[in-house]
Structure formats: C-alpha cells, structure tokens
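What follows is each chain in one-letter form.
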Amino acid sequence: MRSLESIEQALAAIDEAADAHCDAIKLGTGTQQPLPVAWCARLFQRAENRGVVLLARPEDEIEVTRFDWIGARAYDLSFDVSDLELIATALRTQKPVFLSVGRASREELREIATMSRRGNGG
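Residues numbered from 1 in each chain as written. Predicted model: local features only at pLDDT ≥ 70, side-chain atom pairs only at ≥ 80, totals over all residues. Heavy atoms only, no water.

Enquirer: Explanation requested: the overall build of the chain in the structure shown.
Expert: On a plain count of helices and strands, the chain comes out with five helices and four strands. Across the chain, helices and strands are ordered from the amino to the carboxyl terminus as α-β-α-β-α-β-α-β-α. In the chain, which comprises 122 residues, the share counted as buried stands at 39%. Across the chain, the fraction of contacts at a sequence separation of at least 24, relative to all contacts at a separation of at least 6, is 53%. Only carbon and sulfur atoms are counted for the fraction: they give 50% of the accessible area of the chain, which is about 7200 Å². (Helix = DSSP H or I, 4+ residues; strand = E, 2+ residues; numbered from the N terminus. Buried < 20%, exposed > 50% of the residue type's maximum accessible area, 1.4 Å probe, protein only. Contact = heavy atoms within 4.5 Å. Areas by Shrake-Rupley, 256 points an atom, 1.4 Å probe, with all protein chains shown as cover.)

Have a look at this one:
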C-alpha cells in the first residue's frame, strides 16, 4: 500500500491499476491511512469510467451508508467478520460484499451465511 497525499495521486493510482488491467481496488478509510471522504465521489467516478470496481472499506454502519450514497459498487469487510451489524448493513445495500473469513468462528460463518441468503442483512 502506498501513501496517497493528494486527490491527484489517488486518481493516478486508479489510472495505473486500470492500465494494469486490475478488476478491483480496495478503498480504505481505516486507521492505516485515512482517506478524505471529500475525495470519494471523484474516486468512485474515475474508477467507474476506467472500468475498475472500487471496493469501499467502511469502518462502521455510517460509512456504509455514506459510501452507498456516493456510489460504492461493492464493499470489502475483510478486517472484522465478527462485526455482524456492519456486515448486515452492507448486505442491505444489495451490493457485493467481500469477506475474508479465515479467523471467523463456525457460529459467525453460519450467521453470515444466513444473512447473505436472506439477501437483506436482516
């Protein structure tokens, strides 16, 4: 992961990924590198124009709603599969949700599968 210090660098990173034929890019707002929310609409639009899916990484339910409103096409929630409310909120958007479940308990996996099958996170 490289540090992005300006919107121009972030847009250029999307262009580089698209030029390299990437299908998706993770968009983080978490503790490693805060991403200004003001950039997100432009980043989602650039990715869309370049044929790349920008995976939003919301930290909480409010960010899911914000990302949904500004154009997220998919969510990456691989950092905490135990936050079932966050997963449920993302599932209610009816958009793809990517999870890394290597450390999930069987109980958590059952709950996530049940929510996913319902298709509405509830």
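Once the structure has been displayed, the description carries forward.
Enquirer: Help me understand the pattern of salt bridges in this model?
Expert: Should the charged atoms of two oppositely charged side chains come close, the side chains can pair. Throughout the structure, instances matching the rule amount to nine salt bridges. Here Asp19 makes a salt bridge to Arg50, at a shortest N to O gap of 2.5 Å. A residue pair is termed long-range when its members are at least 10 positions apart, and Asp19 in helix α1 (residues 7-19) and Arg50 in helix α2 (residues 37-50) qualify at 31 residues. Exposure remark for Asp19: the relative accessible area of 51% places this residue in the exposed category. The partner of Glu85 in a salt bridge is Arg92, and the shortest N-O contact between them spans 3.2 Å. Residue Glu85 is classed as partly exposed on the basis of its relative accessible area, which comes to 46%. The class for Arg92 is partly exposed, based on a relative accessible area of 41%. Within this structure, Asp15, Asp19, Arg46 and Arg50 form a network of salt bridges that share partners. (Salt bridge = Lys/Arg side-chain N within 4 Å of Asp/Glu carboxyl O.)

Enquirer: Sorry if this is basic, but what is going on with the packing of aromatic side chains here?
Expert: Each aromatic ring pair is characterised by the separation of its centres together with the angle its planes make. In the structure shown here, the tally under the stated rule is one aromatic pair. A centroid spacing of 6.0 Å and a plane angle of 85° characterise the contact between Phe44 and Phe67, whose relative ring orientation is edge-to-face. In this pair, Phe44 is assigned in helix α2 and Phe67 in helix α3 (residues 61-70), connecting sequence segments 23 residues apart. Residue classification places Phe67 among the buried residues on the basis of a relative accessible area of 2%. (Phe/Tyr/Trp six-rings, centres within 6.5 Å; stacked < 30°, edge-to-face > 60°.)

Enquirer: Would you take a moment to explain helix α5 (residues 106-118) for this structure?
Expert: Three- or four-residue spacings in an α-helix give side chains the same orientation, since the helix completes a turn every 3.6 residues. With 13 residues, α5 extends 18 Å from end C-alpha to end C-alpha; this agrees with the ideal 18 Å at 1.5 Å per step. For α5, the full list of buried residues reads Glu108, Ile112 and Met115. Projection of α5 onto a plane perpendicular to its axis shows the buried side chains occupying an angular sector of 65°, all on one side. Residues of α5 that are exposed and point over 90 degrees away from its buried face: Arg106, Glu107 and Arg117. Against the buried residues of α5 lie α4 (84-91). (Expected span 1.5 Å × (residues − 1). Arc of directions from axis to C-beta.)

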